[in-house]
Amino acid sequence: MMTDVQEVKPLLKPFVIGLDLGGTNSVFGVVDQRGQVLATTSIKTQSYKTVEDFVDASIEVLKPIIAKVGGIGQFKAMGIGAPNGNFYRGTIEHAANLVWAHDSVVPLAEMFSERLGIPVGLTNDANAAAIGEMQYGVARGMKNFIMITLGTGVGSGIVVNGQMVYGSDGFAGELGHITMERGEEGRSCGCGRKGCLEAYCSATGVARTAREFLQKTNEPSLLRELDHDVITSLDVSIAAGKGDKMALDIFAFTGDMLGTACADFAAFTSPEAFVFFGGLTKAGDLLMDPIKEAYAKYVLPIYKDNVKFLVSSLDDAAAAVLGASAIGWEM
Ligand SMILES: [Zn+2]
């Protein structure tokens, strides 16, 4: 009888907490099984000098949203998506952008679990995004796909046979740091190496491409009217939307490199889809068409016709919290 009771119990807990822990904001959400975000709250990640202070502040803001749905007894678990998050250990390890974790290993999952009394899972933000797509988004029902997040960096989450790939140490799937340009001419990357995909195809990479193109030629462009040092990928998007040739060329260059990389990724896991997420995807076909063209050009013929290129269907503001919360259902 006891066993029966224990097996039924999780069904009585209809909610999970999701935490999207970013370099600027930490956003918490109460999420139900259908992916509805019932309540959110947030704190500034960098306002706290130690992880203890960060967790204290988190618990304070969580209390009212937990109370709103009937207390902590209603929660199955908490999921956290964080930079350099390690799923196996529940730790954030040497995250360059976090003052309280940049030179240390922080056992954040355990700290939250002790305070809240529920299981807590943690993984990196791109993996969280992939789990979110699988649970609530365009990858629902898919067993093999690769999530590619195009933000300040390029992140990825790899799902094979219905399971997230974590690898031997929990850090699998750093596809943003595969080398696209070898040798000295490769752009320097935040990871300390040269020529990484991220140095070209992240939002900051696109801005770098814009500066390079502006220096390389005298071609007229709307981008010339802007201060070159502060140009952003959004500026490039806006100019491309107006038909500016150089801006279109920048997207063609970016898409070509992403498509070339995807052609190689296909050879690893034979995904049924690549799912893209992030601000750059707002450029729509301007980016997706060159990705598809390059993919078709460089991929091994056996993978050519079966791959879909999709853009995340999740609402931007909610996607990261949803992704994080989805880890909670897997606990
Ligand atoms: Zn790199």
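Everything discussed here concerns the structure shown above.
Cut-offs used in this document
Residues numbered from 1 in each chain as written. Predicted model: local features only at pLDDT ≥ 70, side-chain atom pairs only at ≥ 80, totals over all residues. Heavy atoms only, no water. Buried < 20%, exposed > 50% of the residue type's maximum accessible area, 1.4 Å probe, protein only. Helix = DSSP H or I, 4+ residues; strand = E, 2+ residues; numbered from the N terminus. Pairing = 2+ DSSP bridges. Right-handed = clockwise from strand over helix to strand, strands pointing away. Axes fitted to C-alpha atoms, helices over the stretch in contact; angles between N-to-C directions. Contact = heavy atoms within 4.5 Å. Donors = N, O, S within 2.8 Å, 3.2 Å for Na, K, Ca; no water. Tetrahedral: all angles 85-135°; square planar, octahedral: opposite > 155°, others 65-115°.

A closer look at the pairing of strand 12 (residues 273-277)
Phase 1: Extensive coverage of strand 12 is indicated by the burial of 5 of its 5 residues.
Phase 2: Because side chains alternate across strand 12, one face comprises the buried residues Ala 273, Val 275 and Phe 277, and the other comprises Phe 274 and Phe 276, equally buried.
Phase 3: Bridge analysis of strand 9 (residues 145-150) against strand 12 gives 5 bridges, and the strand direction is parallel. Bridge pairing in strand 12 links Met 147 to Val 275.
Phase 4: The pairing of strand 12 with strand 13 (residues 308-311) spans 4 bridges and is parallel. Bridge assignment links Ala 273 to a residue of strand 13, and that residue is Lys 308.
Phase 5: Note on the crossover from strand 12 through helix 9 (residues 285-298) to strand 13: the handedness is right-handed.

Things to note about the sheet that holds strand 4 (residues 75-82)
Phase 1: Strand order across the open sheet formed by 5 strands is 3-2-1-4-8, with mixed pairing between neighbours. The strands lining the two open edges of the sheet, one partner per strand, are strand 3 (37-44) and strand 8 (120-124). For this sheet the average axis-to-axis angle between neighbouring strands, irrespective of direction, equals 15°.
Phase 2: In the sheet, strand 4 pairs with strand 8 via 5 bridges, with the strands oriented parallel. Along strand 8, the bridge assignment pairs Met 78 with Val 120.
Phase 3: Strands in contact with helix 4 (residues 125-136) are strand 2 (25-32), strand 4 and strand 8; relative to strand 8, the strand with the most contacts, it is inclined by about 110°.

Points about the coordination of the zinc ion
Phase 1: Protein coordination of the zinc ion is provided by His 177 (ND1), Cys 189 (SG), Cys 191 (SG) and Cys 196 (SG), with donor distances spanning 2.0 to 2.3 Å.
Phase 2: Geometry at the zinc ion is tetrahedral, judged from the 4 donor atoms that bind it and their angles of 106 to 117° at the metal.
Phase 3: Written as a sequence motif, the donor residues of the zinc ion are H-x11-C-x1-C-x4-C. In this pair, His 177 is assigned in the loop between strand 11 (163-164) and helix 5 (198-201) and Cys 196 in the loop between strand 11 and helix 5, connecting sequence segments 19 residues apart. The exposure classification of His 177 matches that of Cys 196, with both residues buried.

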